[in-house]
Amino acid sequence: MSLVSGLLSHTLGRVLWLSGLHSGYHAQGGPAMEQDRALEVYDIIRTIRDPEKPNTLEELEVVTENCVEVHEIGEDEYLVIIRFTPTVPHCSLATLIGLCLRIKLQRCLPFKHKLEIYISEGAHSTEEDINKQINDKERVAAAMENPNLREIVEQCVTEPD
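Residues numbered from 1 in each chain as written. Predicted model: local features only at pLDDT ≥ 70, side-chain atom pairs only at ≥ 80, totals over all residues. Heavy atoms only, no water.

- An unreviewed UniProt entry lists the protein chain under the name Cytosolic iron-sulfur assembly component 2A, with Platysternon megacephalum as the source organism.
- Listed under Subunit (unreviewed entry) in UniProt, the entry text for the protein chain is "Monomer and homodimer. Component of the CIA complex. Interacts with CIAO1. Interacts with IREB2. Interacts with APAF1."
- Database annotation for the protein chain, UniProt heading Sequence similarities (unreviewed entry): "Belongs to the MIP18 family." (UniProt positions renumbered as here; feature names shortened; annotations may be inferred.)

Right, dumping it as structure tokens:
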């Protein structure tokens with residue numbers, strides 16, 4: 001039921017945004033623009049596939065609209081913060097999920113951004129270590145040099161036909 005509610009909320013938000021009926025001061029930036037950017041980010045990450053299951057991160061509620069924050073930090077530059085929740089507190093693939101989030105957003109975000117990805121507080125037994133790994137550019141680059149890991153990431157971030 002919560003998945004249906006989330007999809008309805010997401011769809012309604014997109015319809016209002018596309019129709020121009022949302023409130024705020026979009027043309028000048030500010031809260032409405034940040035909310036629009038957050039929806040844009042969520043649209044990109046919600047279809048990432050789980051590395052272990054045949055579901056998307058949205059379907060598993062690993063990511064939700066509420067896990068995305070966007071803050072304007074300069075002219076046409078935004079800080080994007082993602083807080084995702086692994087399905088279990090000892091999820092062995094949490095680092096891989098974080099890597100998939102980072103790679104897909106780096107490839108697909110159409111605006112200048114800084115990206116911070118975290119596991120939701122208290123949602124994983126080693127969240128501090130994982131947060132360091134997925135926000136370290138050198139570790140991310142090294143991980144993507146591994147052909148096996150790169151292939152898994154590609155399978156997770158590629159849009160289904």
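Section: the sheet that holds strand E1 (residues 68-74)
Next up, step 1: The strand order across the open sheet formed by three strands is E1-E2-E3, and the pairing between neighbours is mixed. In the strand order of this sheet, the two ends are held by E1 and strand E3 (112-119), each with one partner. Mean inter-strand twist for the sheet, computed between neighbouring axes without regard to direction, equals 20°.
Next up, step 2: Sheet topology places E1 next to strand E2 (residues 77-84); six bridges connect them, and they run antiparallel. (Pairing = 2+ DSSP bridges. Helix = DSSP H or I, 4+ residues; strand = E, 2+ residues; numbered from the N terminus. Axes fitted to C-alpha atoms, helices over the stretch in contact; angles between N-to-C directions.)

A few points about helix H2 (residues 31-45)
Next up, step 1: In a regular helix each residue adds 1.5 Å, so 15 residues correspond to 21 Å; H2 covers 21 Å between its end C-alpha atoms and thus fits that length.
Next up, step 2: Within the sequence span of H2, burial applies to Ala32, Met33, Asp36, Arg37, Ala38, Leu39, Val41, Tyr42, Ile44 and Ile45. (Expected span 1.5 Å × (residues − 1). Buried < 20%, exposed > 50% of the residue type's maximum accessible area, 1.4 Å probe, protein only.)

What to know about unusual backbone geometry
Next up, step 1: For glutamate 61, which is not glycine, the phi dihedral falls at a positive 60°.
Next up, step 2: With respect to the secondary-structure elements, glutamate 61 resides in the loop between H2 and E1.
Next up, step 3: Even without glycine at this site, aspartate 76 takes up a positive phi of about 60°.
Next up, step 4: Assignment of secondary structure puts aspartate 76 in the loop between E1 and E2.

Considering the pattern of salt bridges
Next up, step 1: For the structure shown, the criterion picks out seven salt bridges.
Next up, step 2: Residue glutamate 154 is joined to arginine 107 by a salt bridge in which the shortest nitrogen-to-oxygen separation is 2.4 Å. With glutamate 154 in helix H6 (residues 147-157) and arginine 107 in helix H3 (residues 94-108), this residue pair connects regions lying 47 residues apart in the sequence.
Next up, step 3: A salt bridge links arginine 139 to aspartate 136; its shortest N-O distance comes to 3.7 Å. (Salt bridge = Lys/Arg side-chain N within 4 Å of Asp/Glu carboxyl O.)

Considerations on the side chain of serine 120
Next up, step 1: With respect to the helices and strands, the residue serine 120 is situated in the loop between E3 and helix H4 (127-134).
Next up, step 2: Beyond its immediate stretch of four places on either side in the chain, serine 120 contacts Arg83, Phe84, Thr85 and Glu127. (Contact = heavy atoms within 4.5 Å.)

What about the packing of helix H5 (residues 137-145) against H6?
Next up, step 1: Close contact between H5 and H6 brings their axes to 5 Å; oriented N to C, the two are set at 95°. The angle between H5 and H6 falls in the class roughly perpendicular. Where H5 abuts H6, its residues Ala143, Met144 and Glu145 lie against Pro147, Leu149, Arg150 and Val153.
Next up, step 2: Across the contact of H5 with H6, the residue classes tally to five nonpolar, no polar and two charged. (Parallel < 35°, antiparallel > 145°, perpendicular 65-115°, else oblique. Nonpolar A, V, L, I, M, F, W, Y, C, P; charged D, E, K, R; others polar.)

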